[in-house]
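The chain contents come next:
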Amino acid sequence: IGGMDKVASFISLLRGSKLNIVCLLDSFSDQKGKQRIDDLIKIKIIKDRNVRYFDEFVKTTNGKADIEDLFEKSEYLDLFNKAFTEFKDFGVKDLDNKLSNILQQINKLISKDHFNHYRPANQLAKMSVDIKYFSKDTLDRFENMFKEINILF
């Protein structure tokens with residue numbers, strides 16, 4: 001839906017339709033975002049068990065994850081390199097493994113606080129890849145995530 005800032009509004013709008021809502025989120029980097037979700041749970045707009053986070057489906061050293069962390073680093077870098085032709089192509093060896101998340105590692109490489117996350121996703125959609133494009137580990141992480149989310153419906 002375009003980021004944490006829009007989650008509360010979006011969930012509130014859907015609530016009127018009497019839908020069972022499940023929210024899958026990046027790990028919080030600030031307490032304001034977490035407080036917004038906690039407030040929605042507190043006033044019973046969404047059930048606590050229906051709020052899930054990507055860090056539940058991938059291990060990182062800091063316990064936080066974004067959807068990009070579900071991919072093998074080489075796979076995500078391939079998408080990034082194809083989407084951001086203004087940068088030189090990066091490989092896994094270029095990443096700073098002291099940083100736990102792929103987004104942090106890429107941001108360090110390009111000397112930015114953040115980049116447009118939609119461009120690699122758009123690139124993936126344009127490529128029309130099939131199952132052979134992804135590693136077994138990536139597929140397993142996504143399959144596990146979808147199984148867990150589907151249980152909530």
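A few points on the structure.

**Comments concerning the side chain of Glu75**
Right, so step 1: With respect to the helices and strands, Glu75 occurs in helix α3 (residues 73–83).
Right, so step 2: Among buried charged residues, Glu75 stands out as having no salt bridge; its nearest opposite-charge side chain is Arg141, 5.6 Å away.
Right, so step 3: If we ignore the near neighbours within four places in the chain, the residues touching Glu75 are Tyr133, Phe134, Ser135 and Thr138.

**Describing helix α2 (residues 31–42)**
Right, so step 1: Taking 1.5 Å of rise per residue, twelve residues should cover 16 Å, and α2 covers 16 Å from first to last C-alpha, within 8% of that figure.
Right, so step 2: Of the residues making up α2, those classed as buried are Gly33, Ile37 and Leu40. Take α2 and look down its axis: the buried residues cluster within an arc of 55°, on one side only. Across α2 from its buried face, at more than 90 degrees, point the exposed residues Gln31, Lys32 and Lys42.

**What to know about the packing of aromatic side chains**
Right, so step 1: All chains considered together, the criterion is met by eight aromatic pairs.
Right, so step 2: Ring centres of Phe71 and Phe134 lie 5.9 Å apart, and the angle between their planes is 40°; this geometry places the pair in the tilted category. Placement of Phe71 in the loop between β2 (51–53) and α3 and of Phe134 in the loop between α5 (118–127) and α6 (136–151) is noted, with a sequence separation of 63 residues between them. An identical accessibility class is assigned to Phe71 and Phe134; each is buried.
Right, so step 3: Note on Phe84 and Phe87: the rings are 6.2 Å apart at their centroids and 40° apart in plane angle, and the pair reads as tilted.
Right, so step 4: Judged by its relative accessible area of 3%, Phe84 is buried.
Right, so step 5: Connected via pairs of aromatic rings, a cluster forms that spans Phe71, Tyr76, Tyr133, Phe134 and Phe142.
Right, so step 6: Arg119 extends its terminal NZ or CZ atom over the ring of Phe84, reaching a point 3.9 Å from the ring centre.

The rules we used
- Residues numbered from 1 in each chain as written.
- Predicted model: local features only at pLDDT ≥ 70, side-chain atom pairs only at ≥ 80, totals over all residues.
- Heavy atoms only, no water.
- Helix = DSSP H or I, 4+ residues; strand = E, 2+ residues; numbered from the N terminus.
- Buried < 20%, exposed > 50% of the residue type's maximum accessible area, 1.4 Å probe, protein only.
- Lys, Arg positive; Asp, Glu negative; His and termini not counted.
- Salt bridge = Lys/Arg side-chain N within 4 Å of Asp/Glu carboxyl O.
- Contact = heavy atoms within 4.5 Å.
- Expected span 1.5 Å × (residues − 1).
- Arc of directions from axis to C-beta.
- Phe/Tyr/Trp six-rings, centres within 6.5 Å; stacked < 30°, edge-to-face > 60°.
- Lys NZ or Arg CZ within 6 Å of the ring centre and 35° of its normal.

Just distances and angles here, no functional claims.
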